[in-house]
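Descriptive structure summary
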Amino acid sequence: MVKVPRTGPYICGIDAALDVVSGKWKGLILWELDAHRVRRFSELRRGLPGVSEKMLTQHLREMEEDGLVHREVYAEVPPRVEYSLTEHGRTLNQALGPLTAWGAERVRREGSGVTGVADAADVADVANAAEVSHG
């Protein structure tokens, strides 16, 4: 199957941005790589409970094609592969700050809590940082 690159046409900027981050795990991959800077595949998988190997591989490949993630392969035995955010990926992550703040406020307002790796304090810290930088 040949993958068609995502190049528009787009209706607006949010349409172009959502095209790149569409997918259940992409936002969380961005978050995980931003928090830890460099991650091996197995570390990413452990940090994202519930993601399948197939889906993580697919999203990482798409994010690499979109210039968000850098994949470094080391010529070692056994082979070692590390993932990190590119500058483009870091700017996208920063742009998602206000959305993170909105989500944290929604969690607080509805009292639904945060499950998984992130806890409420992590979400609040990111939301506060986004508020300070944009407020």
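See the structure printed just above.
Here is a short report on the structure shown in this document. Fair warning: this is a prediction, and the values are worked out from it, not measured in the lab.

Another point: the packing of aromatic side chains. The geometry of two aromatic rings is summed up by the distance between their centres and the angle between their planes. Following the criterion strictly, the structure yields zero aromatic pairs and no others. Across from the ring centre of tyrosine 74, 3.8 Å away, lies the NZ or CZ of arginine 80, which sits over that ring.

Turning next to unusual backbone geometry. Omega for the peptide link from valine 77 to proline 78 comes to -5°, which places this bond in the cis form. Counting through the fold element by element, proline 78 comes out in the loop between strand E2 (69-74) and strand E3 (80-85). Even without being glycine, arginine 37 reaches a positive phi, approximately 70°. Given a relative accessible area of 52%, arginine 37 falls into the exposed group.

Count 3.6 residues to each turn of an α-helix, and residues three or four apart come out pointing the same way. With 13 residues, helix H4 (residues 53-65) should reach 18 Å at 1.5 Å per residue; the first-to-last C-alpha distance of 18 Å fits that figure. In this structure, the buried residues of H4 make contact with helix H2 (26-36), helix H3 (41-47), E2 and E3. Backbone geometry just after H4 places glycine 67 at a positive phi near 80°.

A word on H2. Those residues of H2 not exposed but buried are Lys26, Ile29, Leu30, Glu32 and Leu33. What you see down the axis of H2 is that its buried residues fit within an arc of 165°, all on one side. Following H2 by one or two positions, arginine 37 has its phi on the positive side, about 70°.

Let's shift gears to the pattern of salt bridges. A full pass over the atoms with the stated rule returns ten salt bridges. Between arginine 45 and glutamate 53 there is a salt bridge; the shortest N-O distance is 3.7 Å.

Let's shift gears to the sheet that holds E3. In space, the three strands of this open sheet follow the order E1-E3-E2, with antiparallel pairing throughout. Looking at strand neighbours, the two that pair on one side only are strand E1 (38-40) and E2, the edges of this open sheet. Between one strand axis and the next, the sheet turns through 30° on average, direction left out of account. The pairing of E2 with E3 spans six bridges and is antiparallel. Counterpart to glutamate 72 in the pairing with E3 is glutamate 82. The strands that H2 touches are E1, E2 and E3; relative to E3, the one it contacts most, it runs at about 95°.

Orientation of H2 relative to H4, taken along the N-to-C sense of each, is 75°, at an axis distance of 10 Å. Classified by the angle their axes make, H2 and H4 are roughly perpendicular. For the pair H2 and H4, the contacting residues are Lys26, Ile29 and Leu30 in the first and Leu56, His59, Leu60, Glu62 and Met63 in the second. Along the lines of polarity and charge, the residues of the contact of H2 with H4 split into five nonpolar, one polar and two charged.

The rules we used
Residues numbered from 1 in each chain as written. Predicted model: local features only at pLDDT ≥ 70, side-chain atom pairs only at ≥ 80, totals over all residues. Heavy atoms only, no water. Phe/Tyr/Trp six-rings, centres within 6.5 Å; stacked < 30°, edge-to-face > 60°. Lys NZ or Arg CZ within 6 Å of the ring centre and 35° of its normal. Helix = DSSP H or I, 4+ residues; strand = E, 2+ residues; numbered from the N terminus. Buried < 20%, exposed > 50% of the residue type's maximum accessible area, 1.4 Å probe, protein only. Expected span 1.5 Å × (residues − 1). Contact = heavy atoms within 4.5 Å. Arc of directions from axis to C-beta. Salt bridge = Lys/Arg side-chain N within 4 Å of Asp/Glu carboxyl O. Pairing = 2+ DSSP bridges. Axes fitted to C-alpha atoms, helices over the stretch in contact; angles between N-to-C directions. Parallel < 35°, antiparallel > 145°, perpendicular 65-115°, else oblique. Nonpolar A, V, L, I, M, F, W, Y, C, P; charged D, E, K, R; others polar.

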